[in-house]
Amino acid sequence: MRPRTTVRAAMAATATAVATIAFAATGGAPAYAAAGTAPANSTLLPGHVFAPYWESYNGDNAATLSQQSGAKFLSAAFIQTASSGSCTAYWDGSTSMPIAQSTFGSEFSQIQSSGGNVIPSFGGYTADTTNTDIADSCTSVSSIAKVYENTITTYNVPRIDLDVEANSLTNTAGWTRRNQAVKMAEAWGRSTGHHVNFSFTMPVTPNGLTSGEDQILQNAVADGDHFILNIMTFDYYTGQTYEMAQQTETAAQGAFSELQSLYPSKTASQIWHMLGVTEMVGIDDFGAPETFTEADATTVLNWAKSKGIDMISFWAIERDNGGCPGVKGAGTCSGIVQPTWYFSQHFEPFTS
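These remarks concern the structure in this document. (Residues numbered from 1 in each chain as written. Predicted model: local features only at pLDDT ≥ 70, side-chain atom pairs only at ≥ 80, totals over all residues. Heavy atoms only, no water.)

What follows concerns the environment of Cys138. By secondary structure assignment, the location of Cys138 is in the loop between helix H4 (134-137) and helix H5 (141-155). Considered as a pair, Cys138 and Thr81 are 57 residues apart in the sequence and their alpha carbons are 8.8 Å apart. Once you skip the residues sitting within four places of it in the chain, Cys138 turns out to touch Ser86, Cys87, Ser143, Ile144 and Arg177. (Helix = DSSP H or I, 4+ residues; strand = E, 2+ residues; numbered from the N terminus. Contact = heavy atoms within 4.5 Å.)

Moving on, we come to the state of the cysteines. All chains considered together, the criterion is met by 2 disulfides. The disulfide bridge from Cys87 ends at Cys138, spanning 2.0 Å between sulfur atoms. The disulfide joining Cys87 to Cys138 has a torsion of about 85° about its S-S bond and is therefore right-handed. In this pair, Cys87 is assigned in the loop between strand S4 (73-81) and strand S5 (89-91) and Cys138 in the loop between H4 and H5, connecting sequence segments 51 residues apart. Looking at Cys87, the relative accessible area reads 31%, which means it is partly exposed. Overall, Cys138 belongs to the buried group, its relative accessible area being 0%. The disulfide that involves Cys324 links it to Cys333, with 2.0 Å between the sulfurs. Taking the sign of the S-S torsion, about 115° here, the bridge from Cys324 to Cys333 comes out right-handed. Exposure remark for Cys333: the relative accessible area of 8% places this residue in the buried category. Numbered by order of appearance in the sequence, the disulfide-linked cysteines of the protein chain pair as 1-2, 3-4. (Disulfide = S-S within 2.5 Å. Buried < 20%, exposed > 50% of the residue type's maximum accessible area, 1.4 Å probe, protein only.)

So, about helix H1 (residues 62-69). The complete set of buried residues in H1 reads Ala62, Ala63, Leu65, Ser66 and Ser69. In a view along the axis of H1, the buried residues occupy a sector of 165°, so they form one face of it. The backbone nitrogen of Ala63 has a side-chain oxygen 2.9 Å away, supplied by the residue at the start of H1, namely Asn61. Downstream of H1 by a residue or two, Gly70 has a phi angle that is positive, lying close to 90°. (Arc of directions from axis to C-beta. Polar contact = N/O pair within 3.5 Å; in protein donor to acceptor, adjacent residues only side chain to side chain.)

Direction vectors running N to C along helix H6 (residues 172-192) and helix H7 (residues 211-222) enclose 35°, while the axes themselves pass 9 Å from each other. With respect to the hand of their crossing, H6 and H7 are arranged in right-handed fashion. Here Trp175, Thr176 and Asn179 of H6 lie close against H7, whose contacting residues are Gln215, Ile216, Asn219 and Ala220. Looking at side-chain class alone, the contact of H6 with H7 contains 3 nonpolar, 4 polar and no charged residues. (Axes fitted to C-alpha atoms, helices over the stretch in contact; angles between N-to-C directions. Left-handed = near helix turned anticlockwise from the far one by under 90°. Nonpolar A, V, L, I, M, F, W, Y, C, P; charged D, E, K, R; others polar.)

Geometric descriptors of this kind do not, in isolation, establish any biological role.
Written out as structure tokens, the structure reads:
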């Protein structure tokens, strides 16, 4: 994802788009400590959910944006440590914004009372280039897991997104700890009756995963984690012009094939339900050759319904307006001529 204060830095010519991986017990709800018991955080995500990203650092009220846009579910970015080496995480890495009800708690509760929910997101491009993603920063697996668990109980949420990109992709110790902490938190959820999902965000090419990302997934599977891979298809930085909806489908097909190799006993429909897509609406950080249009939204929505994928998302809800035609990678507008909330209102019916 793009950093919190600047437009995402240009990647090398071979740099790739972003993907989100949501860890779940079997591609559905996990088992709990006692059969038939409801999870402690009982407001679960729907089987198919639209959850665009909300930039927590921009100062916009999450509940207000949810109500205005019609998007009942939001992915909330980002949580990270204040400094490298720390095991304490904060929203935007700011020590004045702890993981506590005093930080966004009332906004998230309002969204939940309206039938929606929030997916807190750890990491992001800034954290992943400053060693302040908690799994890179903190060397204690149990401490990382406890931060994840505290986030779940503090905000009564069923899923956490872990955005792993840039330097975090090659930090073997970091992604090993992250996968181990996921396993530990999943075990905690089963023993305490909490519904626990995790999301990892990491790069893919227009044709699927790279060998490095394959290795991370293989490590996660070896740790006993189970996951849904939700690819975010933008910022390819190859210098080519893309039809963005088409590249969503080709990237998803590549990811589907990798998941099949990791889970050969699952059916095709089960594998597709382990996938999701996240777009960057309008002109992405690379520029006009990578523009996600209104027509692309229709194509992706129809494709997503036909495959039965888990999630549709986009970066970011603050961009869902036509306030800056021709501008690439803007933080508060899409760069294309569009009605305000067009993409949110178009994708919201996917939630079911």
